[in-house]
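Okay, here's what each chain looks like letter by letter:
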Amino acid sequence: MERNHLPRHLVLQRQSLFDQGLLDEQFIQLEELQDDANPNFVEEVVTSYYQNTSTLIVIIEQALGTSPLDFNKLDGYMYQLKGSSSSFGAKKVKADCTLFREYCKAGNVEGCMRTFQQLKKEYASLKRKLEAYFQLARQARVTGTASRPK
Amino acid sequence: MLKSKNGMKDGLLNSVKAGPPALLELSSKITALVVDDNTLNQTIHHRLLDNLGIQNQVVGNGKEAVDVHCSGKNFDLILMDMDMPVMNGIEATRKLRTMGIRSLIAGVSARSTEKEKQEFIEAGLDDYQEKPLTTTKLASILHKVKKDG
């Protein structure tokens with residue numbers, strides 16, 4: 001279902017993800033890659049993102065539990081998370097990754113801890129919101145197919 | 001608006017049409033190799049190329065890129081990530097150039113310091129784009145691909 005045929009409530013929900021600063025232009029780039037042959041491409045990418053990065057989040061959390069902190073290692077992990085986050089347009093998560101890396105470079109333990117807690121919240125919140133959006137989008141596609149004249 | 005091979009509206013192709021008219025026809029004849037260890041980037045880059053009708057293969061690190069060439073395969077375009085395990089993009093690019101591979105190699109990396117970028121370019125790149133890769137950036141790379149015949 002093309003974006004300009006989405007039901008209004010879905011259009012508004014999608015727009016709110018951008019208005020809240022959660023997503024950026026890269027998400028739109030991925031939407032442009034969807035077609036009848038790949039109708040769920042964006043959802044597949046996002047699902048893959050959360051599958052691939054969930055372990056990374058755990059690893060970072062464990063690394064933050066060691067003393068002294070290995071800032072180089074932490075920076076490396078966060079570089080990976082930032083790269084994946086920017087690939088699908090997760091704007092706020094990406095920004096938190098950038099901030100975390102700055103604290104790593106500065107050797108700021110408290111900054112790293114605080115930013116990581118913030119990042120985890122944004123990461124989880126985005127997941128919930130996108131799951132809700134994709135579920136509605138799938139329902140809209142089914143409804144759209146069902147009501148199409150034969 | 002241009003239509004893709006499948007006869008569907010495709011906004012992507014408009015970015016490709018910005019160049020010479022032959023570019024659209026060219027993209028359907030180009031072969032590409034995606035070299036990236038991140039499965040998310042593999043998926044996205046593969047789909048970006050696929051959507052332009054570009055036949056492409058995906059490998060997970062620089063050594064696999066070298067190996068696929070040693071097996072006799074050749075590509076018009078190589079999208080090379082920089083940070084990869086086993087063999088990174090810089091080493092892989094150098095190795096491929098040493099082997100005489102003349103494909104267009106475009107570095108695609110999230111690294112953004114000039115020093116890192118310069119080191120990658122000096123390894124033998126023809127182009128460099130910062131991640132995330134977009135259709136506009138890909139179109140810019142494709143404009144540089146020359147197809148003999």
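Placed above this text is the structure.
This one's a predicted model, so the numbers in the text were calculated from it and none came from an experiment.

S.K.: Describe the pairing of strand β3 (residues 77-80) of chain B, and please don't skip the residues or the numbers.
M.R.: All names here are of chain B. Every second residue of β3 is oriented toward a common face, with L77 and L79 on one face and I78 and M80 on the other, all of them buried. The sheet contact formed by strand β1 (residues 31-35) and β3 spans 4 bridges and is parallel. Directly across from A32, in β3, lies its bridge partner L77. Bridge count between β3 and strand β4 (residues 104-109): 4 bridges; the pairing is parallel. Note that in β4 the partner of L77 across the bridge is L104. The β-α-β motif built from β3, the intervening helix α5 (residues 89-98) and the parallel element β4 has right-handed crossover chirality.

S.K.: Go over the interface of chain B and chain A with me, naming the residues and quoting the values.
M.R.: Listed as interface residues are 20 residues of chain B and, on the opposing side, 18 residues of chain A. At the boundary of chain B with chain A, total buried surface from both sides reaches about 1700 Å², with 56% on carbon and sulfur atoms. The largest per-residue losses of area from chain B upon contact with chain A belong to L40, I44 and R47 of chain B, which jointly make up 36% of the total buried on that side. The interface formed by chain B and chain A includes 8 residue pairs in polar contact (both at pLDDT 80 or more). Taken together, the elements giving at least two residues each to the side of chain B that touches chain A come down to α1 (11-17) and α3 (39-51) of chain B.

S.K.: Please provide a residue-by-residue account of helix α5 (residues 91-106) of chain A, values included.
M.R.: Three- or four-residue spacings in an α-helix give side chains the same orientation, since the helix completes a turn every 3.6 residues. Across its 16 residues, α5 of chain A extends 23 Å between first and last C-alpha, which sits within 8% of the 22 Å expected from 1.5 Å per residue. Backbone geometry just after α5 of chain A places G107 of chain A at a positive phi near 65°.

S.K.: Outline the pairing of β4 of chain B, listing residues and values.
M.R.: Residue and element names in this part refer to chain B. With 6 of its 6 residues buried, β4 lies for the most part within the structure. Taking every second residue as pointing to the same face, both faces of β4 are buried, with L104, A106 and V108 on one and I105, G107 and S109 on the other. Looking at chain direction, β4 and strand β5 (residues 127-130) are connected through 4 bridges and run parallel. Paired with A106 across the two strands is D127, which belongs to β5.

S.K.: Got a sec to walk through the packing of helix α3 (residues 41-64) of chain A against α3 of chain B? Specific residues and values, please.
M.R.: Running from N to C, α3 of chain A and α3 of chain B point in directions that differ by 160°, and their axes come no closer than 9 Å. Put simply, α3 of chain A runs roughly antiparallel to α3 of chain B. Seen from above, α3 of chain A lies across α3 of chain B with left-handed handedness. Here α3 of chain A contributes F41, V45, S48, Y49 and N52 of chain A to the contact with α3 of chain B, which in turn contributes T39, L40, T43, I44 and R47 of chain B.

S.K.: I'd love a proper account of the packing of aromatic side chains, names of residues and values included.
M.R.: Per the stated rule, a full pass over the model turns up 8 aromatic pairs over all chains. Three or more aromatic residues link up through ring pairs in this structure, and these residues are Y49, Y50, F88 and Y123 of chain A.

S.K.: So what's going on with the nonpolar core? Residues and values would help.
M.R.: Ranked by size, the top nonpolar core spans 61 residues in total, and within it I60 and F88 of chain A together with L77 and L79 of chain B carry the most contacts. Looking at which element gives the most residues to this core, the answer is α3 of chain A, with 11 residues. Among the nonpolar cores identified, the runner-up in size contains 21 residues, and V59, M80, A92 and I105 of chain B belong to it.

S.K.: Would you mind going over the pattern of salt bridges in detail, with residue names and values included?
M.R.: Residue and element names in this part refer to chain A. Applying the stated criterion across every chain, the model contains 12 salt bridges over all chains. D75 serves as the salt-bridge partner of R101, at 2.8 Å between the closest nitrogen and oxygen. Of this pair, R101 sits in helix α5 while D75 sits in helix α4 (residues 71-88), placing them 26 residues apart in sequence. Accessibility assignment for this pair places R101 and D75 in one class, buried. Put simply, D75, R101 and K105 are held in one network by salt bridges that share partners.

S.K.: Residue-level account of the environment of V86 of chain B, with values.
M.R.: All names here are of chain B. Within the secondary structure, V86 sits in the loop between β3 and α5. By relative accessible area, V86 is classed as exposed at 64%. Distance from V86 to A139, taken between C-alpha atoms, is 30 Å for residues 53 residues apart in sequence. Those residues in contact with V86 that sit more than four places away from it in its chain are N61 and K63.

S.K.: Provide a residue-level description of helix α7 (residues 135-142) of chain B, including the pertinent values.
M.R.: Those residues of α7 of chain B lying buried are T135, L138, A139, I141 and L142 of chain B. Across the axial projection of α7 of chain B, the buried residues extend over an arc of 160°, all falling on one side.

S.K.: Lay out the side chain of D76 of chain B with the relevant residues and their values.
M.R.: All names here are of chain B. Note that D76 resides in the loop between α4 (62-70) and β3. By relative accessible area, which is 17% here, D76 ends up buried. Within the local environment of D76, its side chain forms a polar contact with the backbone nitrogen of T31, the two atoms lying 2.8 Å apart.

Parameters at a glance
Residues numbered from 1 in each chain as written. Chains lettered and ligands numbered in written order. Predicted model: local features only at pLDDT ≥ 70, side-chain atom pairs only at ≥ 80, totals over all residues. Heavy atoms only, no water. Buried < 20%, exposed > 50% of the residue type's maximum accessible area, 1.4 Å probe, protein only. Helix = DSSP H or I, 4+ residues; strand = E, 2+ residues; numbered from the N terminus. Pairing = 2+ DSSP bridges. Right-handed = clockwise from strand over helix to strand, strands pointing away. Contact = heavy atoms within 4.5 Å. Buried area = accessible area lost by both parts, 1.4 Å probe. Polar contact = N/O pair within 3.5 Å; in protein donor to acceptor, adjacent residues only side chain to side chain. Expected span 1.5 Å × (residues − 1). Axes fitted to C-alpha atoms, helices over the stretch in contact; angles between N-to-C directions. Parallel < 35°, antiparallel > 145°, perpendicular 65-115°, else oblique. Left-handed = near helix turned anticlockwise from the far one by under 90°. Phe/Tyr/Trp six-rings, centres within 6.5 Å; stacked < 30°, edge-to-face > 60°. Core = buried A, V, L, I, M, F, W, Y, C linked by side-chain atoms within 4.5 Å. Salt bridge = Lys/Arg side-chain N within 4 Å of Asp/Glu carboxyl O. Arc of directions from axis to C-beta.

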